[in-house]
Amino acid sequence: KAGVTQTPRYLIKTRGQQVTLSCSPISGHRSVSWYQQTPGQGLQFLFEYFSETQRNKGNFPGRFSGRQFSNSRSEMNVSTLELGDSALYLCASSLAAPPTDTQYFGPGTRLTVL
Amino acid sequence: AQSVAQPEDQVNVAEGNPLTVKCTYSVSGNPYLFWYVQYPNRGLQFLLKYITGDNLVKGSYGFEAEFNKSQTSFHLKKPSALVSDSALYFCAVRSNNAGNMLTFGGGTRLMVKP
């Protein structure tokens, strides 16, 4: 079974631009979560989607948004990019939503903001 | 609120020796604990989890972890380290009170020397 895939793997943008990252979960998985990883802040939860509904949201500004489609694929969008948005963005999927489910992570999208 | 502490930024061990990577947590409610490993330029790879039952959990690649409720710890162990185990290790916690959000520790870099 194919793992979680994320596209693109690498992205370079300039301040003020916007960006859209894509995540395809493991087949059959309905929950998708997004995390930001930076050297300074570590791994931080962005949001979680289940059956096209946002269930949880982390402590990030409204410039960060996401959505999930009926096939469970998910996208996250960052508008008005800032230098501090440079990070590895990780997507994780799980079968359903209970906290006992294992989240499986994709390889990440490395975003560099210049 | 839930939190995870990994008190050691780096652990050095000689190949063939046992290794321990420490993790303590704080949650309200029942804790669900996870260990992940990250290799350079890769996403997080699931190693093992504790949900309930036996306090000693066995996972991938010979790793195991011991859940200790009184000490609120979930240390990762391996009887005999390999050079290929060198990577960044993350402990994470989830609970019924925080939905599907994983809260991660800061990570511990494991260096196994030949």
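Anything mentioned here points back to the structure above.
Anyway, here's the lowdown on the structure attached to this text.

Criteria and cut-off values
Residues numbered from 1 in each chain as written. Chains lettered and ligands numbered in written order. Predicted model: local features only at pLDDT ≥ 70, side-chain atom pairs only at ≥ 80, totals over all residues. Heavy atoms only, no water. Buried < 20%, exposed > 50% of the residue type's maximum accessible area, 1.4 Å probe, protein only. Helix = DSSP H or I, 4+ residues; strand = E, 2+ residues; numbered from the N terminus. Pairing = 2+ DSSP bridges. Disulfide = S-S within 2.5 Å. Core = buried A, V, L, I, M, F, W, Y, C linked by side-chain atoms within 4.5 Å. Contact = heavy atoms within 4.5 Å. Buried area = accessible area lost by both parts, 1.4 Å probe. Salt bridge = Lys/Arg side-chain N within 4 Å of Asp/Glu carboxyl O. Polar contact = N/O pair within 3.5 Å; in protein donor to acceptor, adjacent residues only side chain to side chain.

Re the pairing of strand S2 (residues 10-14) of chain B
All names here are of chain B. Here S2 shows a clear split, with Val-11 and Val-13 buried on one side and none of Gln-10, Asn-12 and Ala-14 buried on the other. Two elements, S2 and strand S12 (residues 108-113), share five bridges in a ladder whose sense is parallel. Across the sheet, Gln-10 pairs through a bridge with Arg-109, a residue of S12.

Side note on the state of the cysteines
All names here are of chain B. Counted by the stated rule, this structure contains two disulfides over all chains. Two residues, Cys-23 and Cys-91, share a disulfide whose sulfurs are 2.0 Å apart. Across the S-S bond of Cys-23 and Cys-91 the torsion is about -60°, and the bridge reads as left-handed. Residue Cys-23 is found in the loop between strand S3 (19-21) and strand S4 (24-26), and its partner Cys-91 is found in strand S10 (residues 87-95); the two are separated by 68 residues along the sequence. Among the residues examined, Cys-23 registers a relative accessible area of 0% and is labelled buried. Look at Cys-91 and you get buried, because its relative accessible area is 0%.

What to know about the nonpolar core
Formed by 26 residues in total, the largest nonpolar core has its most connected members in Trp35(B), Leu47(B), Leu48(B), Phe74(B), Leu76(B) and Tyr89(B). Residue assignment for this core shows that the elements contributing at least two residues are S2, S3, strand S5 (31-38), strand S6 (44-50), strand S8 (64-68), strand S9 (73-78), S10 and S12 of chain B. The element that contributes the greatest number of residues to this core is S10(B), accounting for four residues. If sequence neighbours within four positions are ignored, Tyr89(B) has contacts with Gln6(B), Trp35(B), Tyr36(B), Val37(B), Leu47(B), Phe63(B), Leu76(B), Gly107(B), Thr108(B) and Leu110(B). In this structure, Cys23(A), Trp34(A), Leu81(A) and Cys91(A) belong to the second largest nonpolar core, which totals 21 residues.

Quick notes on the interface of chain A and chain B
On the chain B side, the residues contacting the 23 residues of chain A number 21 residues. Regarding the contact of chain A and chain B, the summed buried area is about 1700 Å², with carbon and sulfur atoms giving 54% of it. Inspection of the region where chain A meets chain B yields zero salt bridges. Our count for the chain A to chain B interface comes out at seven residue pairs in polar contact (both at pLDDT 80 or more). Mapped by element, the contributors of at least two residues to the side of chain A that touches chain B are strand S4 (31-38), strand S5 (42-50), strand S9 (87-94) and strand S10 (104-105) of chain A.

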